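Results of the structural survey
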Amino acid sequence: MAPPSMNETITVDPSELTDFVINKGNGVNGLSQMGLKSLPKQYIQPLEERMSMNITTMPEESIPIIDMSNWEDPKVAESICNAAEKWGFFQILNHGVPIQVLDHVKDATHKFFELPAEEKSKFLKENSPSNNVRFGTSFSPDSEKALEWKDYLSLFYVCEDEASTLWPTVCKDEVLEYMKRTEILVKRLLEILMKRLNVKDIDKTKEALLMGSKRINLNYYPVCPDPELTVGVGRHSDVSTLTILLQDYIGGLYVRAGTNEDSWVHVPPLKGSLVINIGDALQIMSNGRYKSIEHRVVANASKTRISVPIFVNPRPSDVIGPLPEVLGIGGEKAMYKQVVYSDYVKHFFRKAHDGKSTIDFAKI
Ligand SMILES: COc1cc(/C=C/C(=O)SCCNC(=O)CCNC(=O)[C@H](O)C(C)(C)COP(=O)(O)OP(=O)(O)OC[C@H]2O[C@@H](n3cnc4c(N)ncnc43)[C@H](O)[C@@H]2OP(=O)(O)O)ccc1O
Ligand SMILES: O=C(O)CCC(=O)C(=O)O
Ligand SMILES: [Fe+2]
């Protein structure tokens with residue numbers, strides 16, 4: 001695709017754009033590097049999906065920020081469970097994952113996306129040595145009416161050997177280290193969250209159900225010529241049990257506040273923090289007690305942003321539904337049916353981002 005001249009309004013032939021961005025592995029990064037002065041029309045979101053439209057942002061509100069240095073203190077556990085029930089999102093400080101490990105994985109993310117398109121395209125779905133390693137752009141381009149301004153590398157963790165062999169060399173060590181160093185934190189968080197659900201002991205079977213598989217995504221949001229017209233990531237909730245999200249210092253992640261009004265709160269970058277959010281799998285297992293809240297990411301006119309979520313999930317073959325311990329509390333009625341987790345995830349991946357609609361798949 002030829003670089004456009006200054007101030008040119010971009011109407012790129014749809015098949016040419018798809019070929020350049022999606023099939024050839026240039027991603028939105030390739031578009032951004034061309035120095036476009038306006039947004040190709042394939043990225044223009046409908047008015048109701050744009051952050052600037054009819055939306056109240058609430059600068060005075062904030063998701064809870066929880067210091068985990070005394071994680072055994074019942075007050076810390078209480079703050080975590082309250083945040084999971086009310087917001088579905090919170091930030092943690094002094095979580096035990098060294099800042100250096102976080103810095104290394106952020107640097108490694110930049111290194112991967114700065115590789116030439118020919119290198120990255122080795123990990124496109126059609127070329128990748130494994131279904132567990134995928135470089136892509138937007139979310140679900142085949143199903144989307146408007147594309148999202150984001151490239152990603154998605155790594156499904158099977159075992160250390162497979163990761164060492166198949167994951168991209170420029171980032172695999174740093175990503176593996178980040179995954180390893182978050183393991184204890186994930187167990188602590190789940191232990192705390194389960195206690196409030198009347199699950200006193202997480203045995204091996206429960207552990208597998210809650211955290212039997214992990215997927216890590218490296219997200220890359222390049223500079224965008226007209227950020228108000230598009231999105232970095234559209235409104236969605238994660239399908240995980242829990243997500244551990246590392247973001248850089250740029251900002252741009254918004255979380256829905258309240259269910260009725262269109263109001264959103266920003267998640268401010270805090271040095272050394274990790275953002276934790278509840279995913280649909282835990283909303284289902286807790287029978288709606290913990291909330292998997294909608295979130296979205298805006299695009300940015302002047303800075304490239306990265307984020308690195310670890311999605312902690314059930315195993316694909318697990319059947320998930322409200323936990324017996326939860327229903328046992330007061331003869332509570334199940335709000336969700338039993339579903340095979342991989343069916344749930346496939347349903348999520350096969351449609352465009354559509355807010356909280358995925359969970360309807362499991363509703364009774
Ligand atoms: C990318 O932008 C995103 C991503 C997100 C993600 C939020 C999460 O919460 S991710 C956590 C999801 N949980 C798991 O991955 C654990 C369970 N895993 C599974 O059940 C399976 O691994 C599987 C994901 C269902 C894939 O199984 P497989 O047998 O390999 O099936 P396929 O036929 O290859 O894929 C099915 C369908 O999904 C699409 N897809 C697969 N992997 C990805 C991926 N990493 N990213 C995007 N899409 C993926 C794939 O295209 C297939 O559809 P087709 O129509 O092509 O058949 C949140 C927000 C974002 O913006
Ligand atoms: O980039 C972010 O801050 C969040 C990305 C996100 O929501 C996701 O990958 O599921
Ligand atoms: Fe998300």
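Residues numbered from 1 in each chain as written. Chains lettered and ligands numbered in written order. Predicted model: local features only at pLDDT ≥ 70, side-chain atom pairs only at ≥ 80, totals over all residues. Heavy atoms only, no water.

Per an unreviewed UniProt entry, the protein chain goes by the name Fe2OG dioxygenase domain-containing protein and belongs to Rubus argutus. Its UniProt record, at the heading Pathway (unreviewed entry), says of the protein chain: "Phenylpropanoid metabolism." (UniProt positions renumbered as here; feature names shortened; annotations may be inferred.)

Close to ligand 1 lie 27 residues, the nearest being Lys125, Asn131, Lys150, Arg215 and His353. At 3.0 Å from an oxygen atom of ligand 1 is found a side-chain nitrogen or oxygen belonging to Arg134. Taking His353, its side chain carries an N or O atom lying 2.9 Å from an oxygen atom of ligand 1. Taking 1100 Å² as the accessible area of ligand 1 by itself, protein coverage stands at 83%. For the shell around ligand 1, the secondary-structure elements that each account for two or more residues are strand S5 (151-157), strand S6 (213-221), strand S7 (233-236), strand S13 (305-313) and helix H11 (341-349). (Near = heavy atom within 4 Å. Polar contact = N/O pair within 3.5 Å; in protein donor to acceptor, adjacent residues only side chain to side chain. Areas by Shrake-Rupley, 256 points an atom, 1.4 Å probe, with all protein chains shown as cover. Helix = DSSP H or I, 4+ residues; strand = E, 2+ residues; numbered from the N terminus.)

Moving on: the site of ligand 2. Around ligand 2 sit Asn219, Tyr221, His236, Asp238, Leu245, Leu253, His295, Val297, Arg305, Ser307, Pro309 and Phe311, and those are all the residues in its vicinity. Residue Tyr221 places a side-chain N or O atom 2.6 Å away from an oxygen atom belonging to ligand 2. Within the side chain of Arg305, an N or O atom sits 2.8 Å from an oxygen atom of ligand 2. Here ligand 2 has 290 Å² of accessible area as a free molecule, and 94% of this is covered by the chains. With four residues, the single largest contributor to the shell around ligand 2 is S13. Of the residues contributing to the shell around ligand 2, the split by class is six nonpolar, four polar and two charged. (Nonpolar A, V, L, I, M, F, W, Y, C, P; charged D, E, K, R; others polar.)

Let us look at the nonpolar core. Judged by nonpolar contacts, the single largest core of 73 residues is most densely connected at Leu153 and Tyr178. Here this core gets eleven residues from one element, more than from any other, and that element is helix H7 (residues 172-196). Every residue in contact with Tyr178, bar those within four places of it in the chain, is listed here: Val101, Leu102, Val105, Ile216, Ile244, Leu245, Leu246, Leu274, Val308 and Ile310. Of all hydrophobic cores here, the second largest spans 15 residues; its members include Met58, Phe89, Tyr221 and Leu245. (Core = buried A, V, L, I, M, F, W, Y, C linked by side-chain atoms within 4.5 Å. Buried < 20%, exposed > 50% of the residue type's maximum accessible area, 1.4 Å probe, protein only. Contact = heavy atoms within 4.5 Å.)

The subject of this paragraph is the packing of aromatic side chains. The final tally for this structure, using the stated rule, is eleven aromatic pairs. Ring geometry for Phe112 and Phe135: centres 5.8 Å apart, planes at 70 degrees, overall edge-to-face. You can see Phe112 sitting in helix H4 (residues 99-113) and its partner Phe135 sitting in strand S4 (residues 133-137), a full 23 residues away along the chain. In this structure Phe112 comes out as buried when scored by relative accessible area, which is 0%. Phe135 sits in the buried class, given a relative accessible area of 3%. For the ring pair Phe348 and Phe349, a centre distance of 5.3 Å and an interplane angle of 45 degrees mean the geometry is tilted. Overall, the relative accessible area of 38% leaves Phe349 in the partly exposed class. Taken together, Phe112, Phe113, Phe123, Phe135 and Tyr220 form an aromatic cluster joined through their ring pairs. (Phe/Tyr/Trp six-rings, centres within 6.5 Å; stacked < 30°, edge-to-face > 60°.)

With that settled, consider the side chain of Ser273. Within the element layout of this structure, Ser273 appears in the loop between strand S10 (263-266) and strand S11 (274-278). With a relative accessible area of 7%, Ser273 lands in the buried category. Ignoring sequence-local partners within four residues, the contact set of Ser273 consists of Gln91, Ile92, Leu93, His95 and Leu246.

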